[in-house]
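Spelled out, the chains give:
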Amino acid sequence: MLFLAVFCGFLAENIREHKIEENRAKELAKSFYEELKNDSVNVVIKTQNRIKQENALKYLMKYFKDSSVTHVSKTFVLNFQYGINYRTPSLFEPRTVVLEQLKNSGSLRYFKNDELQKLIGDLSVAINNINDRQALESSARIEYLNPLIVKHYDFDFDFILSQSGGKNTLENVLINEKSDSVIPFHFKKIESFDAQGTANVLGFYAMSVLLGTRQLHYQKYIEVNAALLKQLRKEYHLE
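Conventions and cut-offs
- Residues numbered from 1 in each chain as written.
- Predicted model: local features only at pLDDT ≥ 70, side-chain atom pairs only at ≥ 80, totals over all residues.
- Heavy atoms only, no water.
- pLDDT = per-residue confidence, 0-100.
- Contact = heavy atoms within 4.5 Å.
- 1 Å grid on protein atoms, 1.4 Å probe; cavity = no way out; pocket = protein on both sides within 12 Å on 5 of 7 lines; lining within 4 Å.
- Points joined across faces, edges and corners; volume = space filled by probe spheres on them.
- Nonpolar A, V, L, I, M, F, W, Y, C, P; charged D, E, K, R; others polar.
- Salt bridge = Lys/Arg side-chain N within 4 Å of Asp/Glu carboxyl O.
- Helix = DSSP H or I, 4+ residues; strand = E, 2+ residues; numbered from the N terminus.
- Buried < 20%, exposed > 50% of the residue type's maximum accessible area, 1.4 Å probe, protein only.
- Polar contact = N/O pair within 3.5 Å; in protein donor to acceptor, adjacent residues only side chain to side chain.

1. A closer look at the confidence of the model for the protein chain
Line of reasoning, step 1. For the protein chain, the mean per-residue pLDDT works out to 89, and 90% of the residues sit at or above 70.
Line of reasoning, step 2. Overall, residues 15-20 carries pLDDT values under 50, and its contacts beyond four positions in sequence, including any with other chains, amount to 0 contacts.

Next comes the structure, spelled out in structure tokens:
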């Protein structure tokens, strides 16, 4: 009888611990699912912004090869803003609060599904690759684009643009794009401007830097994110 009582107590404790782990796994899965779902929307927005930036850079490449910068149009200025001054709107910074909790606290053990654990590992790799690639983009920007901005950009234009009523530069550019008004933009130091060299720099930044990040690393993240959302829905009946 004593053995039976001890054995039953042991079983009850195991059942209780198993139930606690199940509940904990469900809570973590729900939080992780929301984190992933928000980023699945965000990465699509950032991808669209990158395509807009790449197209603007292509426009500028062609413009610098074929046209004069003595008198530039509003279309040129807008493409300059989206192509060269566009930075934060095209940066994807995934939320990793729950992911880091899963990895660092040992909570990943609550997820018994092997495919789920594998996908979480794949997600970590995809995020690390994005961060490394975007750090490379920052280095390329500092080396190649910033000197162009410092030397030739019209900061008087920025001052007038800042009075458009938006909360930040991007909003001001959007307001300016939709309005009929034209803010004067005077390309500086035209006499020392290297049009062909600048076109090459912009081509390198658009095709070898931005495009590679979007097509390879962003796309990989999108695929892993979608697979994880599907697996979490299936495993934990999430909506």
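On we go.
2. A few points about empty space enclosed by the protein
Line of reasoning, step 1. Applying the stated rule across the entire model yields 1 cavity of 30 Å³ or more.
Line of reasoning, step 2. The computed volume of the largest cavity comes to approximately 40 Å³.
Line of reasoning, step 3. In terms of lining, the largest cavity is formed by Lys74, Val77, Phe157, Asn176, Ser181, Val182 and Ile183.
Line of reasoning, step 4. Per-class residue counts for the lining of the largest cavity are 4 nonpolar, 2 polar and 1 charged.

3. A look at the pattern of salt bridges
Side chains that differ in charge, positive against negative, can pair when their charged atoms come close.
Line of reasoning, step 1. One pass over the structure, following the stated rule, counts 9 salt bridges.
Line of reasoning, step 2. Here Glu137 and Arg50 are joined by a salt bridge, their closest N and O atoms 2.8 Å apart. Of the two residues, Glu137 is situated in helix α4 (residues 114-152) and Arg50 in helix α1 (residues 2-66); the sequence distance between them amounts to 87 residues. Here the two residues Glu137 and Arg50 agree in accessibility, since each one is buried.
Line of reasoning, step 3. The partner of Glu137 in a salt bridge is Arg87, and the shortest N-O contact between them spans 3.5 Å. One end of the pair, Glu137, is in helix α4; the other, Arg87, is in the loop between α2 (74-85) and α3 (97-104), and 50 residues separate them in sequence.

4. So, the environment of Tyr33
Line of reasoning, step 1. Along the chain, Tyr33 falls in helix α1.
Line of reasoning, step 2. For Tyr33, a relative accessible area of 4% corresponds to the buried category.
Line of reasoning, step 3. Taking the C-alpha atoms as reference points, Tyr33 and Leu229, 196 residues apart in sequence, are found 6.3 Å from one another.
Line of reasoning, step 4. Not counting the four nearest positions on each side in its chain, Tyr33 is found in contact with Leu229, Leu232, Arg233, Leu238 and Glu239.
Line of reasoning, step 5. Within the structure, the side chain of Tyr33 is placed 3.1 Å from the side chain of Arg233, a separation counted as a polar contact.

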